[in-house]
Amino acid sequence: VNQSWQQFLDVPQPVNAIQYMELWNESARRNFANNVTGTAPQVFSDSTMALYTSGKLHSTNWMKQITRPLAPETQHTINMSGGSDKVNYFFDLGYLTQGSLFKTNSINYDRWNFRSNVNINFTKRLRGSALVSGFTDLKNAPNWPVWEIFKYAENLVPTDQPYANNNPKFPSLEPDNSNPVVMTNSDIVGQNTYKNKNFQGQLNLEYDIPGISGL
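Remember, it's a predicted structure, so these values are computed and weren't measured experimentally. Note that residues are indexed from 1 along each chain, following the sequence as it is written. Restriction of local features to residues with pLDDT of at least 70 applies here, the model being predicted, together with a cutoff of 80 or more for giving and counting side-chain atom pairs; totals for whole chains, interfaces and linings are based on all residues. Side-chain measures here rest on the full set of heavy atoms in the structure, leaving out hydrogens and waters.

Enquirer: Whenever I open this one, the overall build of the protein confuses me. Can you help?
Expert: Only DSSP runs of H or I reaching four residues or more are called helices, and only runs of E reaching two or more are called strands; each is numbered from the N terminus. Helix and strand counts for the protein come out as six helices and six strands. Along the protein, helices (α) and strands (β) appear in the sequence β-α-α-α-β-β-β-β-α-α-α-β when read from the amino end. Against the globule reference of 17 Å for 215 residues, the protein gives a C-alpha radius of gyration of 30 Å, more extended than a compact globule. When the backbone C-alpha atoms are referred to their principal axes, the protein occupies close to 105 × 40 × 25 Å. Across the 215 residues that make up the protein, the buried fraction comes to 25%. It only takes one pair of heavy atoms within 4.5 Å for two residues to be counted as in contact. Sequence-distant contacts in the protein: of pairs separated by 6 or more residues, those separated by 24 or more amount to 66%. Accessible surface, the protein: about 14,700 Å² in total, of which carbon and sulfur atoms supply 54%. Only four residue types enter the charge count, namely Lys and Arg as positive and Asp and Glu as negative; His and the chain termini do not. A charged residue contributes its charge at one atom only: NZ of Lys, CZ of Arg, CG of Asp or CD of Glu. Across the protein, the 17 positively charged side chains and the 17 negatively charged ones have centroids separated by 8 Å. Only the C-alpha atoms count toward the radius of gyration. The rule for a globule is 2.2 Å times the residue count to the power 0.38. Residue burial is assigned from relative accessible area. The probe radius is 1.4 Å, only protein chains are included, and a residue is buried under 20% of its type maximum, exposed over 50%, and partly exposed in between. All accessibility values rest on the Shrake-Rupley procedure with a 1.4 Å probe; residue burial counts only the protein chains present in the view.

Enquirer: I'm lost on the pairing of strand β2 (residues 71-83) in this one. Help?
Expert: Side chains on a regular strand alternate between the two faces of the sheet. At least two bridges found by DSSP between two strands are what make those strands a pair. As judged from the five bridges shared by strand β1 (residues 2-6) and β2, these two strands associate in the antiparallel manner. Residue pairing in the sheet places Q6 in a bridge with A71 of β2. In this sheet, strand β3 (residues 87-98) lies alongside β2 in antiparallel orientation, the contact comprising 11 bridges. Directly across from I78, in β3, lies its bridge partner L93.

Enquirer: Teacher, can you tell me more about the packing of aromatic side chains here?
Expert: Aromatic rings considered in pairs are described by the distance between their centres and by the relative angle of their planes. Here is the rule: rings of Phe, Tyr and Trp (six-membered ring for Trp) pair when centre to centre is within 6.5 Å. Planes less than 30 degrees apart are stacked, more than 60 are edge-to-face, and the remainder are tilted. Summed over all chains, the structure comprises five aromatic pairs. Taking 5.8 Å as the distance between ring centres and 50° as the angle between the ring planes, the aromatic pair formed by F102 and F150 counts as tilted. Of this pair, F102 sits in the loop between β3 and β4 (108-121) while F150 sits in helix α4 (residues 146-155), placing them 48 residues apart in sequence. For the residue pair F102 and F150, the accessibility class agrees, reading buried in each case. Clustering of aromatic rings is evident, with ring pairs tying together F8, F102 and F150.

Enquirer: I keep staring at the side chain of E73 and nothing clicks. Help me out?
Expert: Locating E73 in the fold gives a position in strand β2. For this document, the term salt bridge refers to a Lys or Arg side-chain nitrogen within 4 Å of an Asp or Glu carboxyl oxygen. Although E73 is buried, it forms no salt bridge, and the closest oppositely charged side chain is R111 at an N-O distance of 7.9 Å. Discounting chain neighbours no more than four positions away, the residues touching E73 are N2, Q3, S4, Q6, L96, T97 and Q98.

Enquirer: What am I meant to see in the pattern of salt bridges here?
Expert: As a working rule, side chains carrying opposite charge can pair if their charged atoms are close by. Overall, the coordinates contain two salt bridges when judged by the stated rule. The salt bridge partner of R127 is E206, with a shortest N-O separation of 3.1 Å. One end of the pair, R127, is in strand β5 (residues 126-142); the other, E206, is in strand β6 (residues 191-207), with 79 residues separating them in the sequence. Looking at R127, the relative accessible area reads 25%, which means it is partly exposed. Owing to a relative accessible area of 46%, E206 belongs among the partly exposed residues under this scheme. The residue D208 makes a salt bridge to R127 at a minimum N-O spacing of 3.1 Å. Placement of D208 in the segment after β6 and of R127 in strand β5 is noted, with a sequence separation of 81 residues between them. According to the relative accessible area criterion, D208 is partly exposed, its value standing at 31%. Linked through salt bridges whose partners overlap, the residues forming this network are R127, E206 and D208.

Enquirer: Is there a simple way to explain the nonpolar core in this structure?
Expert: Soluble, globular proteins show a tendency: their nonpolar side chains are buried together. If you look at the biggest cluster of nonpolar residues, it comprises 13 residues, and the most contacted ones within it are I66, F102, I149 and A153. Going through the elements one at a time, α3 (62-66), α4 and α5 (180-183) are the ones with two or more residues in this core. Per element, the largest residue contribution to this core is four residues, and it comes from α4. When sequence neighbours within four positions are dropped, the list of residues in contact with A153 reads W62, M63, I66 and P180. In these notes, a set of buried Ala, Val, Leu, Ile, Met, Phe, Trp, Tyr and Cys residues joined through side-chain atoms within 4.5 Å is what counts as a nonpolar core. Y20, F44, M49 and Y52 belong to the second largest nonpolar core, which has six residues in total.

In structure tokens form, the structure reads like this:
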């Protein structure tokens with residue numbers, strides 16, 4: 001049994017809501033359009049910023065909203081081998097399951113695989129072998145391209161809230177109707193399921209023809 005955990009190694013670290021508003025206000029102050037010192041009002045007022053400093057509103061880290069720090073991966077493998085001068089065999093069976101890096105667990109993967117090799121010496125000249133292997137796997141994913149989910153999660157502003165009035169029953173409306181907390185939820189956007197089944201079998205017979213070496 002092998003137990004492991006997966007995690008992102010390089011996740012962009014966004015600014016928080018206060019930093020985001022301060023940067024926008026600074027940009028407005030330093031806007032020298034027509035070579036004249038900018039006199040435009042603040043993009044974000046002090047009262048708006050106070051909602052975040054007081055805790056009435058919370059900064060949103062969209063990547064943290066949709067991902068978990070670690071995703072489990074478990075692999076089980078069992079094999080047997082043995083035999084004699086006449087017969088020898090090898091058998092292997094494995095199972096792999098991967099959890100999701102999304103909090104909704106909308107992406108997950110399961111796979112079964114097996115292999116069996118049997119070699120038989122019928123006579124000193126006649127040999128045979130049977131080789132079989134195969135796998136079946138199942139992958140689930142939300143009905144939305146994963147790269148698009150990450151694109152929006154990395155580009156949405158931290159001042160937006162994931163839910164209206166902080167109520168999970170009412171996700172907030174984001175540009176392009178692309179709220180990552182919705183996009184990662186297969187119960188809302190639907191689910192894609194990918195299934196594969198593969199089997200390979202091979203039978204071999206070898207016979208050494210008397211009097212002709214190597215044939």
